[in-house]
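One letter stands for each residue in the lines below.
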Amino acid sequence: MDVYRKDEHMGEKMIEETKKVNLTELFYDLVFVFGISKITHVLHSLERGILSLNEIIIYIVVFVCFINVWNVQTVYMNRYGKHNLLHIIIMTVLQMPALLFMAANVSPDMEDSWTAFTLAILWIAVVQFLQYIFAYTKHKHSEKDIKLIKDFLWLLFARLVVIVISLFIPGTGRILLTGFGSILIILGSSLFRKDMAMVPINLPHLIERLTLFTIITLGEMLMAAANFFELEKFSINSVLIMCQIAALFLFYISEFDHAIEDNLPCQSGAGLIYKHYFIWFGLNICTIDLDLDYANDAMGIARVIMMFLGLFLFYLGVFNNAHLNKKSHKLDKKLMIPFVLVYLLGLGSSFIFQSNVPVITVLCTLTIVLETVLFVSFVIRRFPKEIRKEMIGP
């Protein structure tokens, strides 16, 4: 598939060859599998039916820091990175050990070891800053590229400064400041969207990278569900939980593998990336829900809140990208009204039966499956008859 880039001098769209996801990027993602697994267990106090503010702060900040590192590296590789020895060393030798160190030391009580965690982030921030310095030297003759690279250098430098300052702040303040350093990238990217659109993102490559990271997040959810398939725990609930995961996967790919238009010209990619934060947070919160003690009926209210909060964030992230859909797949009231009603009915009924674990599991499964049926049928119906037949099967 081709990506179209507008050439200002010729006044026409020129075809740019689609960039493939390379093996180093896939290898790089493996450390995030471990990282997400550790982050999922930060909210340790939730297992006792309570929520610790300190754990919530650590959970959000650590998650944002990990995703931000992945995000910066993915965008760089998309526009300027090549699958050569230099970039392989940068990603695997210079960054992955620090990421592994960060992941290995994630815990609910990591406030005492936060300095070490911050130093690892600082090292990665320096490496990613130097990457853009290198890109600057290679694109001196392109005004659009130089302008965009300077924008990124300012953002990455600001992140560096904030992270360094956080090392000298005591208590929870340093954790919040470290997180703010990563959030600066998000805020700054929204200011430089026009410059980003001048050097369009390779959309098929970006969508594939985002999809792969989402599958990693779903993979962690699958690992949590695997506990219910042990012989002594296996029941109808095990099958229902697997149906939930499969339905969420089908919902996601219906949007990003079928409904979305991946040949849009002049895309900055910023919105697509940052709206995925909601998707990843949502799926991870659903995973935390699966890790709760299902044998304890007193955990019912926590389970309902976590599951439906996670679903809300997941659906919000998916639908917020729907403006990139094909013209034939723009969202309408015929889809959204029943979709919202199903969600609210599922939430309300789950609260009513919060002390009954089997009933809650059935209600959550029905909600997710019905939402998926609504959306998938919407996506399929909007395609021509020939394509519909291919999508459904022989």
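Residues numbered from 1 in each chain as written. Predicted model: local features only at pLDDT ≥ 70, side-chain atom pairs only at ≥ 80, totals over all residues. Heavy atoms only, no water.

## Description of the overall build of the protein
- For the protein, the count of helices and strands is 14 helices and two strands.
- Relative to the 2.2 N^0.38 estimate, which gives 21 Å for 394 residues, the radius of gyration of the protein is 22 Å and therefore close to what a compact globule would have.
- Based on the C-alpha atoms only, the size of the protein along its principal axes is roughly 65 × 60 × 35 Å.
- Looking at the protein residue by residue over its 394 residues, the buried ones come to 52%.
- Counted over contacts in the protein with a minimum sequence separation of 6, partners at least 24 positions apart contribute 79%.
- If you sum the accessible surface of the protein, you get close to 18100 Å²; carbon and sulfur atoms cover 69% of it. (Helix = DSSP H or I, 4+ residues; strand = E, 2+ residues; numbered from the N terminus. Rg over C-alpha atoms; globule rule 2.2 N^0.38 Å. Buried < 20%, exposed > 50% of the residue type's maximum accessible area, 1.4 Å probe, protein only. Contact = heavy atoms within 4.5 Å. Areas by Shrake-Rupley, 256 points an atom, 1.4 Å probe, with all protein chains shown as cover.)

## Side note on empty space enclosed by the protein
- For the structure shown, the criterion picks out three cavities of 30 Å³ or more.
- Considered as a void within the structure, the largest cavity measures approximately 100 Å³ in volume.
- Every residue lining the largest cavity is counted, 15 residues in all, and those nearest its centre are Asn71, Val75, Phe152, Ser189 and Tyr274.
- Elements supplying a minimum of two residues to the lining of the largest cavity: helix H2 (53-79), helix H5 (143-166), helix H6 (172-191) and helix H10 (270-291).
- In terms of residues, the lining of the largest cavity owes the most to one element, H2, which gives four residues. (1 Å grid on protein atoms, 1.4 Å probe; cavity = no way out; pocket = protein on both sides within 12 Å on 5 of 7 lines; lining within 4 Å. Points joined across faces, edges and corners; volume = space filled by probe spheres on them.)

## Some remarks on the packing of aromatic side chains
- Counted under the stated rule, the structure contains 31 aromatic pairs.
- Judged by centre distance (5.8 Å) and plane angle (55°), the rings of Phe251 and Phe314 are tilted. Taken together, the residues Phe251 in helix H9 (residues 236-259) and Phe314 in helix H11 (residues 300-319) connect sequence positions 63 residues apart.
- Here Phe251 falls in the buried class, since its relative accessible area comes to 0%.
- Aromatic ring contacts, followed pair by pair, group Tyr28, Phe32, Phe66, Trp70, Trp114, Phe117, Phe213, Tyr274, Tyr277 and Trp280 into a single cluster. (Phe/Tyr/Trp six-rings, centres within 6.5 Å; stacked < 30°, edge-to-face > 60°.)

## Remarks on the packing of helix H3 (residues 85-104) against helix H4 (residues 114-138)
- Between H3 and H4, whose axes approach to 8 Å, the crossing angle comes to 165°. Judged by the angle between their axes, H3 and H4 are roughly antiparallel. Handedness of the crossing formed by H3 with H4: left-handed. Across the interface between the two elements, Leu86, His87, Ile90, Leu94, Gln95, Ala98, Leu99, Phe101 and Met102 of H3 pack against Ala116, Phe117, Ala120, Ile121, Trp123, Ile124, Val127, Gln128, Gln131 and Phe134 of H4. (Axes fitted to C-alpha atoms, helices over the stretch in contact; angles between N-to-C directions. Parallel < 35°, antiparallel > 145°, perpendicular 65-115°, else oblique. Left-handed = near helix turned anticlockwise from the far one by under 90°.)

## Some details on the layout of surface pockets
- Quantified by volume, the largest pocket comes out at close to 350 Å³.
- Together, 16 residues line the largest pocket, and Tyr59, Ile60, Phe281, Ile285 and Leu313 are the ones closest to its centre.
- Of all the elements in the fold, those that place two or more residues in the lining of the largest pocket are H2, H10 and H11.
- It is H10 that provides the largest number of residues to the lining of the largest pocket, a total of six residues.

## Overview of the pattern of salt bridges
- Within this structure, the stated rule accounts for three salt bridges.
- Across the salt bridge formed by Arg209 and Asp29, the nearest N and O atoms sit 2.7 Å from each other. In this pair, Arg209 is assigned in helix H8 (residues 203-226) and Asp29 in helix H1 (residues 23-39), connecting sequence segments 180 residues apart.
- According to the relative accessible area criterion, Asp29 is buried, its value standing at 4%.
- When the shortest N-O distance is used, the salt bridge between Asp332 and Arg382 registers 2.3 Å. Placement of Asp332 in the loop between H11 and helix H12 (333-352) and of Arg382 in the loop between helix H13 (357-381) and helix H14 (385-392) is noted, with a sequence separation of 50 residues between them. (Salt bridge = Lys/Arg side-chain N within 4 Å of Asp/Glu carboxyl O.)

## Considering the packing of H4 against H6
- It is the contact of H4 with H6, at a shortest axis distance of 11 Å, that shows an interaxial angle of 15°. What the angle tells us is that H4 and H6 run roughly parallel. By crossing handedness, the relation of H4 to H6 is classed as left-handed. Here Trp114, Thr115, Thr118 and Ile121 of H4 lie close against H6, whose contacting residues are Arg174, Ile175 and Thr178.
- A breakdown of the residues in the contact of H4 with H6 according to their chemical character gives three nonpolar, three polar and one charged. (Nonpolar A, V, L, I, M, F, W, Y, C, P; charged D, E, K, R; others polar.)

## Quick look at the environment of Phe66
- For Phe66, the position within the fold is in helix H2.
- Here Phe66 falls in the buried class, since its relative accessible area comes to 3%.

## Description of a nonpolar patch on the surface
- A cluster of nonpolar side chains, contributed by Leu222, Phe229, Phe234, Ile236, Val239 and Met242, occupies part of the molecular surface with about 530 Å² of accessible area.
- The element that contributes the greatest number of residues to the nonpolar patch is H9, accounting for three residues.
- With respect to the helices, strands and loops of the structure, Phe234 is situated in the loop between H8 and H9.
- Judged by relative accessible area, Phe234 falls into the partly exposed class, the value being 45%. (Patch = residues over 30% accessible without salt bridge, like charges linked within 9 Å, V, L, I, M, F, W, Y side chains within 5 Å.)

## Re the confidence of the model for the protein
- Summary statistics for the protein give a mean pLDDT of 88 and a share of 90% for residues scoring 70 or more.
- Taken element by element, the predicted model of the protein shows its lowest mean pLDDT in strand S2 (residues 12-16) (40) and its highest in H3 (96). (pLDDT = per-residue confidence, 0-100.)

## Focus: the environment of Phe229
- Tracing the backbone through its elements, the reader meets Phe229 in the loop between H8 and H9.
- A sequence separation of 10 residues divides Phe229 from Val239, and the C-alpha atoms of the two residues are 8.5 Å apart.
- Those residues in contact with Phe229 that lie beyond four places of it in its chain are Phe234, Ser238, Val239 and Met242.

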